[in-house]
Amino acid sequence: MGDHASTAPPIPRRQRRQEAVSVSEDWQGGSLPALVRSRQPLTDLAGWIGANRDTVDDLVRRTGAVLFRGFAVPDAAAFHDAIGALSDEVLSYGERSSPRSEVIGNRVYTSTEHPASERILPHNEQSYTLNWPMRISFFCETPPDTGGRTPLVDSRRVLTRLSAVTRARFEETGVRYVRNYIPGISLSWQEAFQTDDRAVVEEHCGRDGITCEWSGDGSLRTTQTRPAVHRHPVTGEATWFNHAHFFHVLSMPSGVGQDLLDSLGEEKLPYHTYYGDGAPISPETLDELHRAYEAETRSFDWQRGDVLVVENMLVAHARDSYTGPRRILAAMTDAHRSVAGRS
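If you're wondering where the values come from, they're calculated on a predicted model, not measured in any experiment.

Caption draft 1: Spatial organisation of the pattern of salt bridges. As enumerated under the stated definition, the model contains 23 salt bridges in all. Close ionic contact of Arg157 with Glu296 constitutes a salt bridge, the shortest N to O distance being 2.8 Å. Taken together, the residues span a long stretch of sequence, with Arg157 in helix α4 (residues 155–161) and Glu296 in the loop between α9 (283–295) and β18 (297–298) at a distance of 139 residues. A relative accessible area of 44% means that Arg157 is categorised as partly exposed. Since its relative accessible area comes to 3%, Glu296 is described here as buried. A salt bridge links Glu296 to Arg161, with the nearest nitrogen and oxygen atoms 2.6 Å apart. Of this pair, Glu296 sits in the loop between α9 and β18 while Arg161 sits in helix α4, placing them 135 residues apart in sequence.

So, in structure tokens, the structure goes:
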């Protein structure tokens, strides 16, 4: 598909040359992600984004995700600079649910550190909290030998695929999240809350509407109820924004969830979800959610130096299994503070 000549912004809805940079919103025949490609490999991504910040901001918000390819992004520091050119604040990772390590001390993290053989299901970053990043960005430092894609799923379209009954039930009750912090099986509470002080955990939980229960052996159990459907604060679009499917024990790889149920019992599971009123989510409903995610999944192969910016409330991300030394870094930006019980 050819480019059309132009000398000035804004970035158009389809594809246009901006000096040595092209933009396509229907790359690979789909709308996720939009592609911004530099034909000059020495083009500094931070500088280019800084010069086109408003139009890039609109592109990310309108399409849901943008892949920057062919720019000069040699390392984590350059990635941090590029993200900083688009967002005023790069965030720390709080109320954690997955293992990550910070690199070079600038709030750039490794992507979720799960075994390469395991697939990570689609999810919207920290949708179980009241304080989530509006955007999460990824940088390909080392592409895998095979697999290792970061599939994207339009959460707006997932919502439209759900039956009226399923949507109404979740909109009425929300999602209840129950977590047990079990070292070796899930994160410890010290790692999840980034503190060794119980009082700090209790203060956080009290502020964010989380019930916390300490057991005699010092372990922690938390319960929180959050909306399942939100509206984007800028676009006003309704979106399926939650971890109902992701945290449900029966969404784990075949046999693993049942093994945990058999060995720990439902009350001790590291993660589990219910409707907000405490009723169980049926296997049929989980299957409906799974089919909706699968139908809307889009993906691409990583190349070294790629930067992907995802509008977190509008698009979920996942990870395929892989072989080789894959290293994808992540950064979260643009904090949004919600109110308990509201969308």
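Caption draft 2: Seen up close, the side chain of Asp306. Its location among the elements puts Asp306 in the loop between β18 and β19 (307–311). Of note is the side chain of Asp306, whose polar atom sits 2.6 Å from the side chain of Arg69. With residues up to four places along the chain from it excluded, the contact list for Asp306 reads Leu67, Phe68, Arg69, Phe138, Phe139, Cys140, Phe300 and Asp301.

Caption draft 3: Structural view of the sheet that holds strand β14 (residues 220–226). Strand order in the open sheet formed by four strands is β13-β14-β12-β17, with antiparallel pairing between adjacent strands. Of all strands in the sheet, those with a lone pairing partner are β13 (211–214) and β17 (271–275), marking the two edges. Averaged over all adjacent pairs, the angle separating strand axes in this sheet is 15 degrees, with direction ignored. Where strand β12 (residues 175–180) lies against β14, six bridges are found, and the strand directions are antiparallel. Bridge pairing in β14 links Arg179 to Thr222.

Caption draft 4: Spotlight on the sheet that holds strand β20 (residues 315–319). Overall, antiparallel pairing links the four strands, which are arranged β8-β20-β11-β18 in an open sheet. This sheet does not close on itself; its edge strands, each paired only once, are β8 (120–123) and β18.

Caption draft 5: The arrangement of unusual backbone geometry in detail. Following Leu32, the chain continues to Pro33 via a peptide bond in cis, the omega torsion being -15 degrees. Positionally, Pro33 belongs in the loop between β2 (21–24) and β3 (34–38). In the Ramachandran plot, Gln126 falls in the positive-phi region, its phi being about 55 degrees despite a non-glycine side chain. Given the relative accessible area of 5%, Gln126 is considered buried. Look at Gln194: it is not a glycine, yet its phi comes out positive at around 55 degrees. Along the chain, the position of Gln194 falls in the loop between α6 (189–193) and α7 (198–207). Classification of Gln194 as partly exposed rests on a relative accessible area of 47%.

Caption draft 6: Inspection of the state of the cysteines at higher detail. This structure, assessed with the given rule, holds zero disulfides. Not part of a disulfide, Cys212 finds its nearest cysteine sulfur in Cys205, a span of 4.3 Å.

Caption draft 7: A look at the environment of Pro270. Turning to its location among the elements, Pro270 is positioned in the loop between α8 (256–264) and β17. By relative accessible area, which is 6% here, Pro270 ends up buried. Distance from Pro270 to Ile182, taken between C-alpha atoms, is 6.5 Å for residues 88 residues apart in sequence. Setting aside anything within four residues of it in sequence, one finds Pro270 in contact with Val178, Arg179, Asn180, Ile182, Ile185, Ser186, Leu260 and Leu264.

Rules behind the numbers
- Residues numbered from 1 in each chain as written.
- Predicted model: local features only at pLDDT ≥ 70, side-chain atom pairs only at ≥ 80, totals over all residues.
- Heavy atoms only, no water.
- Salt bridge = Lys/Arg side-chain N within 4 Å of Asp/Glu carboxyl O.
- Helix = DSSP H or I, 4+ residues; strand = E, 2+ residues; numbered from the N terminus.
- Buried < 20%, exposed > 50% of the residue type's maximum accessible area, 1.4 Å probe, protein only.
- Polar contact = N/O pair within 3.5 Å; in protein donor to acceptor, adjacent residues only side chain to side chain.
- Contact = heavy atoms within 4.5 Å.
- Pairing = 2+ DSSP bridges.
- Axes fitted to C-alpha atoms, helices over the stretch in contact; angles between N-to-C directions.
- Disulfide = S-S within 2.5 Å.

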